[in-house]
Amino acid sequence: MPLSRQHGERVQPFIQGFLERRSAGRKHPVEDFLFTYYSQKPGQLLRWHPGAGVVLAGAAAGERRDWKFYRPLSEPELAAAGLDIGTTAVTVDVSAFAAARGETVAFTAMLLSRTAARKPTLGCFGMHEWAMAYKSDTNGIRHEYLQLRLGAQGTDELVERSKIRCTHFDAFRFYAPQATPLNELQPTRENQPDLEQPGCLHANMDLYKWTYKLVPLLPSELVMDCFELSWRIRTMDMRASPYDLQDWGYSPIPVETPAGRSEYAAAQRQFSEESQQLRARILGLLDPLQEQLWSQNPPAGSSAPVPNPTI
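Each chain has its residues counted from 1, running along the sequence as written. Totals for whole chains, interfaces and linings use all residues, but because this is a predicted model, local features are given only for residues with pLDDT of at least 70 and pairs of side-chain atoms are given and counted only at 80 or more. Only hydrogens and water are removed before side-chain values are computed, so all heavy atoms of the structure are retained for them.

(A) Region of interest: the overall build of the protein. Secondary structure counts use DSSP, requiring at least four H or I residues in a row for a helix and at least two E residues in a row for a strand, with both numbered from the N terminus. Within the protein, the secondary structure is distributed over 14 helices and three strands. Projected onto its principal axes, the C-alpha coordinates of the protein cover approximately 75 × 50 × 30 Å. Per-residue and other accessible areas were derived by the Shrake-Rupley procedure at a 1.4 Å probe size, with only the shown protein chains allowed to occlude residues. Accessible area for the protein stands at about 14600 Å²; split by element, carbon and sulfur atoms hold 50% of it. Taking the average location of the 33 positive side-chain charges in the protein and that of its 35 negative ones, the two points are 1 Å from each other. When charges are counted, neither His nor the chain ends are considered; positive counts come from Lys and Arg and negative counts from Asp and Glu. Throughout, a charge is located at the NZ atom of Lys, the CZ atom of Arg, the CG atom of Asp or the CD atom of Glu.

(B) Structural detail: the side chain of His202. Checked against the element boundaries, His202 lands in helix H12 (residues 201–213). Each residue is assigned to one of three classes by its accessible area relative to the maximum for its type, calculated with a 1.4 Å probe on protein chains only: buried under 20%, partly exposed between the two thresholds, exposed over 50%. What makes His202 buried here is its relative accessible area of 8%. Contact criterion: two residues are considered in contact whenever any of their non-hydrogen atoms come within 4.5 Å of each other. With residues near it in sequence (within four places) discarded, His202 still touches His128, Glu129, His168, Ala171 and Asp237.

(C) Region of the structure containing the environment of Gln270. Counting through the fold element by element, Gln270 comes out in helix H14 (residues 258–296). Overall, Gln270 belongs to the partly exposed group, its relative accessible area being 38%. Taking the C-alpha atoms as reference points, Gln270 and Gly199, 71 residues apart in sequence, are found 9.2 Å from one another.

(D) Looking closely at the packing of aromatic side chains. To pair, rings of Phe, Tyr and Trp, with the six-membered ring standing in for Trp, must have centres within 6.5 Å; the planes then decide the type, stacked if under 30 degrees apart, edge-to-face if over 60, and tilted in the middle. The tally for this structure, following the rule as stated, stands at 19 aromatic pairs. Residues Tyr37 and Phe174 carry aromatic rings whose centres are separated by 6.5 Å and whose planes lie at 65° to one another, so their mutual orientation is edge-to-face. Here Tyr37, found in the loop between helix H2 (33–36) and helix H3 (42–46), pairs with Phe174, found in the loop between helix H10 (169–172) and helix H11 (192–195); they are 137 residues apart in sequence, far enough to count as distant. Here a set of aromatic residues connected by ring pairs shows up, and it is made of Phe14, Phe18, Phe33, Phe35, Tyr37, Tyr38, Phe174, Tyr208, Tyr212, Phe227 and Trp231. Seen from the ring of Phe174, Arg142 lies directly overhead, with NZ or CZ sitting 4.4 Å from the centre. A cation over an aromatic ring shows up here: Lys209 above the ring of Trp210, its NZ or CZ 4.5 Å from the ring centre. In this scheme, Lys NZ or Arg CZ marks a charge over a ring once it lies within 6 Å of the ring centre and within 35 degrees of the ring normal.

Function cannot be inferred from these measures alone, as they are strictly geometric.
This is the structure:
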């Protein structure tokens, strides 16, 4: 099956190193992140899914008969697809997915729509990572096997003289306790839809999370496009972090200097543009399914589908 093989060949280079390191009990500060912070396992990423509305027949269908959220085609559906009665054929079971995860679909569509509708806020210069390493003499170093590039005092001084305005709760919640009041905003899980914006590196990395949570409704090609964007963002994020990664092969983006901040902002702007294209693709696939998903499992406490603001 060419598409399935192509997907495997695309995924394998990303998971191979992680699996080898895991077996050997070793860590990598950049390349392990998408497999340790996020919940999707390498084997799950390796599975190819065509997405909702696609019919698979033959051997590909036989493999998926017992996979979650797949169902065999009925005889009328086989006829409509031009397949002989008795042919083994499957498709994504949208109704079953709606019953099990309708609220996830509604929340994802709402969050991505609201995020996409905002102008990107640039200029954070990766201070979220520095805030996590603040007061390391007291708190310890978050990544204990790494060294701070400017040392503990230099790290603390940069945090104290920087404007910190992180909008992303899942970065903010890892701040050192002493850094929390230094952030101009106080992100929470509840206000996440009000703060998420397309300039945020972590919000853009999270596109990978939102797509894999909607597998097999969404196709693996889109999941991998989001994964690869997240991989590149993680690389840049850690190059701009307080950690010294030169022995790992990563040159620093020195955000304590004007040149480093300029480099950071340019990369952040490019990632923002790419993430907006991916949000549009995700919503373009979800929007036609919203009515069906809503009819199966409306979000609790609501009387109408969660609206998608105009992008």
